[in-house]
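# Examining the three-dimensional arrangement
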Amino acid sequence: MQLAGTYLLNAPPEKVWPMLMDPNTLAGILPGVSKLEKSAENTFKSIIEIKLGPVNGSFTGHLYLENLQEPTAFTLKVQQNSKIGNANAAIKIDLIPVEPGKTQISFDGDVKMTGLLASMGQRVVSSVSNVLTKQFFTNLEKELEKDKIPG
């Protein structure tokens, strides 16, 4: 399954980048993440709880940040396993300065699923991934707003 899109944030790449590299911030903005713990340089153990239609799944695995080009690009690799199937993804993420104080995030990657996840159908999984993507960007915007508040 292809996962691609763009999103405009009201913050410069120099402000967005550190948030995307910080495990505590990521744990708070990634939908479904109940645990994100650094296990090595740019590698994190993760537990993710996701509901896909009628199926609930608890996934354990790793997130990897690779090809880091601060503050403009990186690749997010995900390997997650559960009783309902496995998911592996590699998503290229670009932070593009567009106008003063704004960043366009562009993402493009491929997600491979096995087991019950793969048999659920493209429509269900695609719909859920769209909801989770919107939720991620909403959470990131809220985190950026919190950072603007003095105090």
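Below you will find a few notes about this structure. Just so it is clear, the structure is predicted and the values come from calculations on it, not from any experiment.

## Topic: the overall build of the protein
- What the protein contains, in helices and strands, is four helices and seven strands.
- Tracing the protein from N to C terminus, the helices and strands come up as β-α-α-β-β-β-β-β-β-α-α.
- Scaling as 2.2 N^0.38, a compact globule of 151 residues should have a C-alpha radius of gyration of about 15 Å, and the protein matches this with 15 Å.
- Projected onto the principal axes, the alpha-carbon positions of the protein cover approximately 45 × 30 × 30 Å.
- Of all 151 residues assigned to the protein, the portion counted as buried reaches 40%.
- Of all intrachain contacts in the protein linking residues separated by at least 6 positions in sequence, the fraction that spans at least 24 positions is 49%.

## What to know about a nonpolar patch on the surface
- A grouping of Leu8, Ile96 and Val98 is seen on the molecular surface, where their side chains present a nonpolar patch of about 230 Å² in accessible area.
- With respect to the helices and strands, leucine 8 occurs in strand 1 (residues 2-9).
- Among the residues examined, leucine 8 registers a relative accessible area of 42% and is labelled partly exposed.

## Here's the deal with the packing of aromatic side chains
- Inspection of the entire model under this criterion finds four aromatic pairs.
- Between tryptophan 17 and phenylalanine 74, the ring centres sit 5.6 Å apart and the planes meet at 85 degrees, which makes this aromatic pair edge-to-face. Of the two residues, tryptophan 17 is situated in helix 1 (residues 13-21) and phenylalanine 74 in strand 5 (residues 73-82); the sequence distance between them amounts to 57 residues.
- With relative accessibility at 4%, the residue tryptophan 17 sits in the buried group.
- On the basis of relative accessible area, phenylalanine 74 is assigned to the buried category, the value being 4%.
- Through a chain of ring-to-ring contacts, three or more aromatic side chains come together here, namely Tyr7, Phe107, Phe136 and Phe137.

## What to know about the pairing of strand 6 (residues 85-97)
- In this sheet, strand 6 lies alongside strand 5 in antiparallel orientation, the contact comprising ten bridges. Looking across to strand 6, one finds that valine 78 is bridged to alanine 89.
- The hairpin turn running from strand 5 into strand 6, its antiparallel successor, is two residues long.
- One ladder, built from eleven bridges, connects strand 6 with strand 7 (residues 103-113); its direction is antiparallel. Note on strand 7: the bridge partner recorded for leucine 95 is isoleucine 105.
- Counting the residues in the hairpin turn of strand 6 and strand 7 gives five residues, including glycine 101, whose phi is positive at 80 degrees.

## What to know about unusual backbone geometry
- Omega for the bond connecting glutamate 70 with proline 71 falls within 30 degrees of zero, at -10 degrees, which places this linkage in the cis form.
- Phi at asparagine 42 takes a positive value of approximately 60 degrees, unusual for a residue other than glycine.
- Counting through the fold element by element, asparagine 42 comes out in the loop between strand 2 (33-40) and strand 3 (43-52).
- Unlike most non-glycine residues, asparagine 67 shows phi in positive territory, near 50 degrees.
- Structurally, asparagine 67 is set in strand 4 (residues 55-69).

## Observations concerning the nonpolar core
- Ranked by internal contacts, the top residues of the largest apolar core, which has 39 residues, are Val16, Leu20, Phe74, Ile93, Leu95, Ile105 and Leu140.
- Among the elements that take part in this core, helix 4 (residues 122-148) stands out by supplying six residues, more than any other.
- If sequence neighbours within four positions are ignored, phenylalanine 74 has contacts with Trp17, Leu20, Met21, Leu65, Glu66, Asn67, Leu68, Ile91, Lys92, Ile93 and Leu95.

Rules used throughout
Residues numbered from 1 in each chain as written. Predicted model: local features only at pLDDT ≥ 70, side-chain atom pairs only at ≥ 80, totals over all residues. Heavy atoms only, no water. Helix = DSSP H or I, 4+ residues; strand = E, 2+ residues; numbered from the N terminus. Rg over C-alpha atoms; globule rule 2.2 N^0.38 Å. Buried < 20%, exposed > 50% of the residue type's maximum accessible area, 1.4 Å probe, protein only. Contact = heavy atoms within 4.5 Å. Patch = residues over 30% accessible without salt bridge, like charges linked within 9 Å, V, L, I, M, F, W, Y side chains within 5 Å. Areas by Shrake-Rupley, 256 points an atom, 1.4 Å probe, with all protein chains shown as cover. Salt bridge = Lys/Arg side-chain N within 4 Å of Asp/Glu carboxyl O. Phe/Tyr/Trp six-rings, centres within 6.5 Å; stacked < 30°, edge-to-face > 60°. Pairing = 2+ DSSP bridges. Core = buried A, V, L, I, M, F, W, Y, C linked by side-chain atoms within 4.5 Å.

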